[in-house]
Amino acid sequence: MATTDTNGGSRVAAVVKTLDILEALWQAGGAGVTELTERTDLAKSTVHAHLTTLRSKGYVVQEGDEYRLSLRFLSFGEHVKHAEPLYAASETPIDELSTEVGQRVLCSTHQNGLGTVLNVSEGSRSFTSDIDIGTHVYLHSSAGGKAMLAHFPDERVDEIIDQWGLPAFTEKTITDREELFDVLAAVREEGVAYNRGEYLPGISAIGAPILDNDGTVYGAVTVTGPEHRLENEWEENDLRTQLLSTANTIEVNMMFS
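Keep in mind the model is a prediction, meaning the values are calculated, not measured. For every chain, the first residue of its written sequence is number 1, and the numbers climb from 1 along that sequence. Given that this is a predicted model, residues contribute local features only at a pLDDT of at least 70 and side-chain atom pairs are listed and counted only at 80 or more, while totals for whole chains, interfaces and linings are drawn from all residues. Hydrogens and water are ignored here; the side-chain numbers use all heavy atoms of the structure.

Chemist: Residues and numbers for the packing of aromatic side chains, please.
Modeler: Two rings belonging to Phe, Tyr or Trp (six-membered ring only in the last case) form a pair when the distance between their centres is within 6.5 Å. Interplanar angles under 30 degrees mark stacking, angles over 60 mark edge-to-face geometry, and anything in between is tilted. According to the stated counting rule, one finds 6 aromatic pairs in the structure shown. Ring centres 5.1 Å apart and planes at 50° place the aromatic pair Phe169 and Tyr199 in the tilted group. Placement of the pair is Phe169 in the loop between helix H7 (154-164) and helix H8 (177-190) and Tyr199 in the loop between strand E8 (193-196) and strand E9 (203-211), with a sequence separation of 30 residues. Partly exposed residues are those whose accessible area sits between 20% and 50% of the maximum for their type, while under 20% is buried and over 50% is exposed, using a 1.4 Å probe and protein chains only. For Phe169, a relative accessible area of 35% corresponds to the partly exposed category. A ring is considered to have a charge above it if a Lys NZ or an Arg CZ atom is located within 6 Å of its centre and within 35 degrees of its normal. The residue whose ring lies beneath Arg196 is Tyr194, and the NZ or CZ to ring-centre distance is 4.7 Å. Labels follow the DSSP assignment, with helices taken as runs of H or I lasting at least four residues and strands as runs of E lasting at least two, numbered in each case from the N terminus.

Chemist: Requested: an account of helix H3 (residues 44-56), with residues and values cited.
Modeler: Each residue after the first adds 1.5 Å to the expected span of a helix. Spanning 13 residues, H3 covers 18 Å between terminal C-alpha atoms, matching the ideal 18 Å at 1.5 Å per step. Within H3, the full set of buried residues consists of Val47, His50, Leu51 and Leu54. Down the axis of H3, the smallest arc covering the buried residues is 100°, so these residues share one side. Exposed and facing more than 90 degrees away from the buried side of H3 are Ser45 and Ser56. Along the arc lie the directions from the helix axis toward the C-beta atoms.

Chemist: Report on the side chain of Glu251, specifying residues and quantitative values.
Modeler: Position of Glu251 among the secondary structure elements: in helix H10 (residues 239-255). Under the counting rule used here, the positive set is Lys and Arg, the negative set is Asp and Glu, and His together with the chain ends is not counted. Take a side-chain nitrogen of Lys or Arg and a carboxyl oxygen of Asp or Glu: if they are within 4 Å of each other, that pair is a salt bridge. Salt bridges are absent for the buried Glu251, whose nearest opposite-charge side chain, Arg240, sits at 12 Å. Once you skip the residues sitting within four places of it in the chain, Glu251 turns out to touch Pro209, Ile210 and Leu211. Residue contacts are defined here by distance: any two heavy atoms, one from each residue, within 4.5 Å place the two residues in contact.

Chemist: Run through unusual backbone geometry, naming residues and quoting values.
Modeler: Even without being a glycine, Asp41 presents a positive backbone phi close to 60°. Within the secondary structure layout, Asp41 lies in the loop between helix H2 (33-40) and H3. Positive phi, normally seen in glycine, also occurs at Asn112, with a value near 55°. Relative to the helices and strands, Asn112 resides in the loop between strand E5 (104-111) and strand E6 (114-121).

Chemist: I'd love a proper account of the pattern of salt bridges, names of residues and values included.
Modeler: Side chains bearing opposite charge may pair, as long as their charged atoms lie close to each other. According to the stated counting rule, one finds 8 salt bridges in the structure shown. The partner of Arg156 in a salt bridge is Glu159, with the nearest N and O atoms 3.3 Å apart. Within this pair, Arg156 and its partner Glu159 are both found in helix H7, separated by 3 residues, close to a single helical turn. For Arg156, a relative accessible area of 28% corresponds to the partly exposed category. The partner of Arg177 in a salt bridge is Asp162, and the shortest N-O contact between them spans 2.9 Å. With Arg177 in helix H8 and Asp162 in helix H7, this pair connects stretches of sequence that are 15 residues apart. For Arg177, a relative accessible area of 32% corresponds to the partly exposed category. Under the relative-accessibility criterion, Asp162 is labelled exposed at 57%.

In structure tokens:
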């Protein structure tokens, strides 16, 4: 049975249910049929039938009454990661930057209006975070996301806002369209974007875009750390220059990838 999505395309209902169950399993870190029924609003018999099929194909494993995603997904993730040229182009540059500044450095890209972390390098003073390779983020709430948005056409930014909204993650998150456009204009002027506790309280970041010669947005590189530490360092040290230099190195690497 096919349904129509918000973009006018056709969706196969059974596939949507399977993906909903997989996403629920991923978010829960493992769950039983009853919990998955509650998370997906699907009938228990439907959940059980999909799980049985997924298990027979090796995509989930069962331990007692609990189901988990299987290790087969590792091969998908590794393939997708290494097939993205930005992953290889950014690996050494962000390692060098994290060593220089001692902070956590991320390289992200964009797809379907969201940001995705492609690469992470830990510095000597990195903080513990659940943001890792594969994490999806709203572009308006992160330094790297704003660095990317600033170089999209205004029409594309409007489309992304219409699709995903401007949800608040902290009291500092930008939730007003006009304010966001003003911030993006400032990002283009300064060359970098800032995140001052807009995604996680007490965590700040500075991000720079990674661009092609024609202005195409490959992604962004971001330095992130505790607010009190990072904001002192981007004032006292030339963190902006180091960040822009790293972004430029990645851009050069992309030219020859």
